Amino acid sequence: MKHVLYGRCVRCGKTYEAVPDLTTCECGGILEITYDYDYIKTRLTKETLAGRSDRTMWRYRELLPVEETTELPPLRVGGSPLYEEPRLAKHLGLKKLWVKDDGQNPTASLKDRASAMAVAKAREAGARVIACSSTGNAASSLAGNAAAAGLSTYIFVPSRAPKGKVAQLMTFGATVISVQGNYEETFALSKAAIDRWGWYNRNAAINPYLSEGKKTVSLEIMEQLRWEVPDYIAISVGDGCTIAGLWKGLKDFYAIGLIDWLPRLISVQAEGCCPLNRAIAEDRPWYPMEENTLADSIAVGVPRNADKALMAIRESNGLVVNVSDEEIMAAQKLLGMTCGVFGEPAGVAGTAGVRKLCEQGVLGGQDTVVSVVTGNGLKDVANAIRACGEPISIPSDMELLIKAFQEKGIAAD
Ligand SMILES: *Cc1c(COP(=O)(O)O)cnc(C)c1O
């Protein structure tokens with residue numbers, strides 16, 4: 001890869017050749033893929049992008065760590081819509097608000113961006129089998145993207161993973177191991193199995209290529225905003241790979257001169273599981289926390305990408321905010337009602353955080369904000385119904401309908 005210099009440890013600085021099965025540093029630190037920006041600058045410009053018809057994440061190929069000859073995986077990943085939401089902005093008291101609906105990826109979460117990258121790199125490594133552990137979405141996206149590419153998968157999920165995600169896994173033909181334990185125990189078993197059988201490893205904090213896939217979300221946001229940098233980008237945080245990837249994309253665009261400043265990040269975690277935000281708020285190293293939230297995708301008590309995530313939040317002079325399950329459910333309904341966007345609990349947590357910061361007066365009428373919805377609500381219908389209630393249920397009888405409307409105060413005209 002002419003445009004990639006090496007993988008560099010974020011902890012000790014040691015560099016490694018960017019081979020396809022690159023994992024972590026010998027010191028235990030996570031690697032970051034480092035590019036030759038001078039080389040890329042001459043090839044990826046606003047004009048080249050404007051002339052490109054590919055709307056998938058691969059439209060930014062000059063900034064992605066794949067060989068020119070690599071056959072790209074077949075599912076259409078990326079190119080999700082960025083909606084300007086003036087009514088919600090007004091409701092919250094913001095100058096401008098955009099919602100990036102990444103639940104519109106093929107397996108319905110932002111994780112597809114990382115999984116498509118995993119499949120591309122597994123092909124380069126000549127692997128036939130890929131494995132990962134996941135709270136659910138990394139799993140279902142890997143299973144789907146690998147199935148489309150003809151690779152097989154071993155997937156480890158904690159037993160609390162919602163049915164929608166497990167149904168996806170089974171449909172995509174993965175070998176699924178539902179671990180009777182929390183995410184940490186799930187991760188540990190997957191690691192031991194990967195060590196034993198030598199499968200290609202899609203665990204996002206271990207494999208440094210995956211956040212390079214995730215970064216395409218911020219590349220798209222900047223291009224969709226016609227290079228006008230917003231004041232803030234808000235996103236929900238579990239392991240920390242997503243926010244780290246988002247930040248990397250922004251820094252890459254900055255490095256090649258496509259944007260001229262950087263937004264501040266808003267890291268949103270659940271009150272019942274916020275080890276990274278707590279570390280920022282208390283200005284000390286992170287330590288484990290219980291996984292006490294209905295937002296299963298961000299119920300990560302031992303974050304695997306703490307170094308990169310904390311660095312991203314700090315470098316961006318970011319904000320941290322924790323939201324309760326009630327605030328997450330309220331945001332789910334608010335996004336649905338005002339924007340027609342249906343997110344899963346972790347998917348809407350970012351928006352819940354934005355709302356809370358508006359209510360606290362931290363954000364206001366001078367601020368422009370992008371809120372990333374990271375996963376689709378159909379993945380977890382039980383919690384959506386819990387958040388938004390049950391419908392009117394009656395027999396097919398007009399009198400009963402009129403009565404029900406009267407009881408509920410529905411005018412119907
Ligand atoms: C994985 C996930 C996140 C958080 O990403 P991390 O890399 O674990 O921080 C947020 N929302 C959804 C829907 C996810 O699947």
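In this text, all values refer to a predicted model and were calculated from it rather than measured experimentally. Every chain's residues receive numbers from 1 upward, in the order its sequence appears when written. Two thresholds apply to this predicted model, a pLDDT of at least 70 for residue-level local features and 80 or more for giving and counting side-chain atom pairs, whereas whole-chain, interface and lining totals are computed over all residues. Water and hydrogen atoms play no part in the side-chain values, which are based on all heavy atoms of the structure.

Trainee: Explain unusual backbone geometry to me, please; I cannot follow it from the model alone.
Mentor: Glycine aside, residues mostly have negative phi angles, and peptide bonds mostly take the trans form. Positive phi values are uncommon outside glycine, yet Asn317 reaches one of about 55 degrees. Note on conventions: DSSP H or I runs of at least 4 residues are helices, E runs of at least 2 residues are strands, and numbering of each starts at the N terminus. For Asn317, the location among the structural elements is in the loop between α12 (306-315) and β12 (319-323). Unlike most non-glycine residues, Ala412 shows phi in positive territory, near 65 degrees. Mapped onto the secondary structure, Ala412 falls in the segment after α16 (398-408).

Trainee: How do you make sense of the pattern of salt bridges when you look at a structure like this?
Mentor: Two side chains bearing opposite charge may form a pair once their charged atoms approach each other closely. Put simply, a salt bridge is a Lys or Arg side-chain nitrogen that is within 4 Å of an Asp or Glu carboxyl oxygen. Within this structure, the stated rule accounts for 25 salt bridges. Notably, a salt bridge pairs Lys100 with Glu220, separated by 2.6 Å at the nearest N-O pair. Note that Lys100 is positioned in strand β5 (residues 96-101) and Glu220 in helix α9 (residues 216-224), a separation of 120 residues in sequence. A single burial state applies to Lys100 and to Glu220, both of which are buried. Asp283 is paired through a salt bridge with Arg314; the nearest N and O atoms lie 4.0 Å apart. Note that Asp283 is positioned in the loop between α11 (275-282) and α12 and Arg314 in helix α12, a separation of 31 residues in sequence. Exposure categories follow from relative accessible area, calculated using a 1.4 Å probe and restricted to protein chains: below 20% of the type maximum is buried, above 50% is exposed, and the middle band is partly exposed. Judged by relative accessible area, which is 61%, Asp283 ranks as exposed.

Trainee: Is there a simple way to think about the site of the ligand in this case?
Mentor: Lining the immediate surroundings of the ligand are 16 residues, of which Lys111, Asn137, Gly240, Thr242 and Thr374 lie closest. Side-chain atoms alone can form a polar contact between residues adjacent in sequence; in general such a contact is a pair of N or O atoms within 3.5 Å, and within protein one must be able to donate a hydrogen while the other accepts it. Lys111 places a side-chain nitrogen or oxygen 2.9 Å from an oxygen atom of the ligand. Between Lys214 and the ligand, the recorded distance is 3.2 Å, taken from a side-chain N or O atom to an oxygen atom. Residue burial considers only the protein chains on display, and all accessible areas are found by Shrake-Rupley using a 1.4 Å probe. For the ligand, whose free accessible area comes to 380 Å², the fraction covered by protein is 97%. Any residue with a heavy atom positioned within 4 Å of a molecule or strand is treated as near that molecule or strand.

Trainee: Please clarify how helix α5 (residues 137-149) should be interpreted in this entry.
Mentor: For an α-helix the count is 3.6 residues per turn, leaving residues at separations of three or four pointing the same way. Between the first and last residue of a helix there are one fewer steps than residues, each counted as 1.5 Å, and that sum is the expected span. Taking 1.5 Å of rise per residue, the 13 residues of α5 would be expected to cover 18 Å, and the 18 Å separating its terminal C-alpha atoms lies within 8% of that figure. Most of α5 sits out of view: 11 of its 13 residues are buried. Every buried residue of α5 is accounted for by Asn137, Ala138, Ala139, Ser140, Ser141, Leu142, Ala143, Gly144, Asn145, Ala146 and Ala149. Note on definitions: a residue-residue contact is assigned when non-hydrogen atoms from the two residues lie within 4.5 Å. The inward-facing, buried residues of α5 abut α4 (112-124), β6 (129-133), β7 (152-158) and α6 (163-171). Taken from the residues just after α5, Gly150 is the one with a positive phi, measuring 80 degrees.

Trainee: Please clarify how the sheet that holds strand β13 (residues 368-373) should be interpreted in this entry.
Mentor: Paired through their backbone hydrogen bonds, the strands of a sheet run either parallel or antiparallel. Whether two strands pair depends on DSSP finding at least two bridges between them. A sheet is described by the order of its strands in space; here six strands give the open sequence β4-β5-β13-β10-β11-β12, paired in mixed fashion. Pairing within the sheet leaves two strands with one partner each, and these edge strands are β4 (82-84) and β12. Each strand of the sheet is rotated relative to its neighbour by a mean of 25 degrees, with strand direction disregarded. Alignment of strand β10 (residues 232-236) against β13, held across three bridges, turns out to be parallel. Each axis is a line fitted through C-alpha atoms, and for a helix only the stretch in contact is used; angles between axes span 0 to 180 degrees, taken between their N-to-C directions.

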